[in-house]
Amino acid sequence: MLYRKWGSKEDAVIKYTSSVDSDYAILEQVKKVMEAHVVELYLNGVISKKTARDILLAVKEFKEIKQGYEDVHEALEDHILTKVGEEGGWVGMARSRNDHVATALRLKMREEILEILEDLLELRKVVLNKAMEHKTTLFPSFTHLQPAQPTTFAHYLMYVEEEISSRWGVIFSVLKTLNRSPLGSGAIVGTNVRLNRKREAEMLGFDGVVVNTVSATSSRADMISAIAELATLMLSLSRIAEDLIFLSSSFVGYLRLPDSQVSTSSLMPQKRNAVTMEVLRAKGGECVGILTSTMAMYKGLPSGYDLDLQEMNSYYWKCTSIVKATIEVLKDLFQGIQVVKKDLDSSTLATDEAERLALNGKPYRQAYFEVKEMVLSDKFTSKITLEESVKLKAVAGSPNPQILEEDLKEALTRLERDSKSLDDYENLILSKIGQLRVVEDDVMQEGL
């Protein structure tokens, strides 16, 4: 069965326009959408209970996209016709591939985002646990890749956690925008059948519907927003990877990465190359490229469905796959990372010394230049130790152990709150999907 009657299955045109390869990624979601459509046709009185049962059984048996089909939708419909006979043809009623693929894509992205959010919660927990071990472990901070001021490793790790936490919140927000159903909107203007789109949405675990049928069938803005936020997450993670490469290098040497994260040279056996973090940097760039590709394909399209949209599909899952793999690598890294005990550059106390003079009554800029002259003439000494420097920090978010302790508690509370929010949302989705299962179970009793 071919919707478009051109060429043959060997024809270059068919191969060129086929989406079969990328459709495997959404095969299960396409089946779920078809099940909801069949149930809705039954509840609407369009098809009998027996026809609904026969079609649902055929849908559940569908496992592969055989050669000769343009896409998964065509292959599934032909499979239904083969298994059920003429009655199977009812699945074409009030249905278009346009609304069905848009729905399947949102279902798939919802699953991917939920998994990423769960993985990020685990990563944040690993980072915070490591921070609790290093609340007083002295560590350098850098600006312009030059030694700046003394801090602690926990303080650096709290930066890492807050970056990830911020991205988590935005991605969760995008998930809620994404979780709306296009189903029932047909090819572009809906259908003459009184489908209950809100009921269809509920059965698939959506929060609601994409109301306008043009938007429902042809908009991919919410999908692109999801990729954009994942790419932004990768930007943050890529910067952290660069830090870890730099800080673990033999030139700097404040960190030791786990053996599982480094590799030697084929010629130089002494090397500990931070290979996973180097790949992470590249993967960050790849996600930016994926985002750029989808935006470039999308920007010039007129309203309504075009096959350009089909060509965007594989890019979504490339990005989510990269993000999931990256999070797993970082969890392993932060669990096994070690701080190398070595002296910090004493000149990083220069700011503390200038502030000490200023707090004793000398205008800060005058104190600044006095300390600068001492540093330049190699005569700099400070009445403040490195440990005291950290303890003297007085503002929120600083490495002062007492302040950092409070920040850690707040971060752990935030992590717990986010975890509960995600659990509640997943349970809400599952409870809605349960409605579809109840109707399906009832339909499946037909003839038994």
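Residues numbered from 1 in each chain as written. Predicted model: local features only at pLDDT ≥ 70, side-chain atom pairs only at ≥ 80, totals over all residues. Heavy atoms only, no water.

A.B. asks: Explanation requested: the overall build of the chain in the structure shown.
C.D. replies: Broken down by element type, the chain carries 16 helices and six strands. Against the compact-globule benchmark of 22 Å for 448 residues, the chain has a radius of gyration of 29 Å, which places it well outside the compact range. With the C-alpha coordinates of the chain rotated into their principal frame, the extents come out at 95 × 45 × 40 Å. Counting across all 448 residues of the chain, residues that qualify as buried make up 48%. In the chain, 77% of the contacts between residues at least 6 apart in sequence involve partners at least 24 apart. Accessible surface, the chain: about 21600 Å² in total, of which carbon and sulfur atoms supply 52%. When the 56 positive and 66 negative side-chain charges of the chain are each reduced to one mean point, those points stand 1 Å apart. (Helix = DSSP H or I, 4+ residues; strand = E, 2+ residues; numbered from the N terminus. Rg over C-alpha atoms; globule rule 2.2 N^0.38 Å. Buried < 20%, exposed > 50% of the residue type's maximum accessible area, 1.4 Å probe, protein only. Contact = heavy atoms within 4.5 Å. Areas by Shrake-Rupley, 256 points an atom, 1.4 Å probe, with all protein chains shown as cover. Lys, Arg positive; Asp, Glu negative; His and termini not counted. Charge placed at Lys NZ, Arg CZ, Asp CG, Glu CD.)

A.B. asks: What exactly am I supposed to notice about the UniProt feature "domain: Fumarate lyase N-terminal" (unreviewed entry) in the chain here?
C.D. replies: UniProt's feature table lists "domain: Fumarate lyase N-terminal" (unreviewed entry) at residues 16–289, given in the numbering used throughout. Split by type, residues 16–289 is 61% helix and 7% strand. Its first and last C-alpha atoms lie 23 Å apart. (UniProt positions renumbered as here; feature names shortened; annotations may be inferred.)

A.B. asks: Help me understand a nonpolar patch on the surface, please; the structure alone is not making it clear to me.
C.D. replies: On the surface, Tyr364, Tyr368 and Phe369 cluster together into a nonpolar patch covering about 270 Å² of accessible area. Within the secondary structure, Phe369 sits in helix H14 (residues 364–376). (Patch = residues over 30% accessible without salt bridge, like charges linked within 9 Å, V, L, I, M, F, W, Y side chains within 5 Å. Salt bridge = Lys/Arg side-chain N within 4 Å of Asp/Glu carboxyl O.)

A.B. asks: Teacher, can you tell me more about the nonpolar core here?
C.D. replies: Generally speaking, a soluble globular protein has its nonpolar side chains buried in company with each other. By size, the foremost hydrophobic cluster in this structure holds 122 residues, and its most contacted members are Met109, Leu120, Leu244, Met277 and Phe334. Top contributing element to this core by residue count: helix H6 (residues 97–133), with 16 residues. Ignoring anything within four residues of it in the chain, the contact list for Phe334 reads Leu123, Val126, Val127, Lys130, Leu157, Val160, Ile240 and Leu244. (Core = buried A, V, L, I, M, F, W, Y, C linked by side-chain atoms within 4.5 Å.)

A.B. asks: Sorry, what's going on with the packing of aromatic side chains here?
C.D. replies: Note on aromatic pairs: each is described by the distance of the centres and the angle between the planes. Considering all chains together, one arrives at 11 aromatic pairs under this definition. Arranged with centres 6.1 Å apart and planes meeting at 45 degrees, the rings of Phe139 and Tyr156 form a pair that is tilted. You can see Phe139 sitting in strand E1 (residues 138–143) and its partner Tyr156 sitting in helix H7 (residues 153–178), a full 17 residues away along the chain. Taking relative accessible area as the criterion, Phe139 reaches 0% and is therefore assigned buried. Residue Tyr156 is classed as buried on the basis of its relative accessible area, which comes to 12%. Judged by centre distance (5.5 Å) and plane angle (55 degrees), the ring pair of Tyr156 and Tyr159 falls under tilted. Taken together, the residues span about one helical turn, with Tyr156 and Tyr159 both in helix H7 at a distance of three residues. Given the relative accessible area of 29%, Tyr159 is considered partly exposed. Put simply, the rings of Phe139, Phe153, Tyr156, Tyr159 and Tyr254 pair up and form one aromatic cluster. Here Lys176 stacks its cationic end above the ring of Tyr425, 5.6 Å away from the centre of that ring. Sitting over the face of the ring of Tyr315, Lys318 holds its NZ or CZ atom 4.8 Å from the ring centroid. (Phe/Tyr/Trp six-rings, centres within 6.5 Å; stacked < 30°, edge-to-face > 60°. Lys NZ or Arg CZ within 6 Å of the ring centre and 35° of its normal.)

A.B. asks: Would you explain the pattern of salt bridges in this entry?
C.D. replies: Opposite charge on two side chains permits them to pair, given that their charged atoms come into close proximity. Counted according to the given criterion, the structure contains 36 salt bridges. Across the pair Lys83 and Glu61 runs a salt bridge, and its minimum N-O distance is 3.6 Å. Within this pair, whereas Lys83 is found in helix H5 (residues 72–84), its partner Glu61 is found in helix H4 (residues 49–61), the two being separated by 22 residues in sequence. By relative accessible area, Glu61 is classed as partly exposed at 42%. Put simply, Arg356 and Glu353 hold a salt bridge, and the shortest N to O gap is 2.5 Å. Of this pair, Arg356 and Glu353 both sit in helix H13 (residues 350–359), separated by three residues, roughly a single helical turn. Given a relative accessible area of 21%, Arg356 falls into the partly exposed group. With a relative accessible area of 4%, Glu353 lands in the buried category. Members of the salt-bridge network, linked through shared partners, are Glu35, Lys60, Arg437 and Glu440.

A.B. asks: Help me understand the packing of helix H3 (residues 27–43) against helix H16 (residues 401–444), please; the structure alone is not making it clear to me.
C.D. replies: For any two helices packed against each other, one specifies the crossing angle of their axes together with the interaxial distance. Two elements in contact, H3 and H16, have axes whose closest approach is 11 Å; the angle formed by their N-to-C orientations is 65 degrees. One finds that H3 runs roughly perpendicular with respect to H16. Like other packed secondary-structure pairs, H3 and H16 cross with a definite hand, here left-handed. Mapping the contact onto sequence places Lys32, Glu35, Ala36, Val39, Tyr42 and Leu43 in H3 and Leu436, Arg437, Val439, Glu440, Asp442 and Val443 in H16. Grouping the amino acids of the contact of H3 with H16 by side-chain chemistry returns seven nonpolar, no polar and five charged. (Axes fitted to C-alpha atoms, helices over the stretch in contact; angles between N-to-C directions. Parallel < 35°, antiparallel > 145°, perpendicular 65-115°, else oblique. Left-handed = near helix turned anticlockwise from the far one by under 90°. Nonpolar A, V, L, I, M, F, W, Y, C, P; charged D, E, K, R; others polar.)

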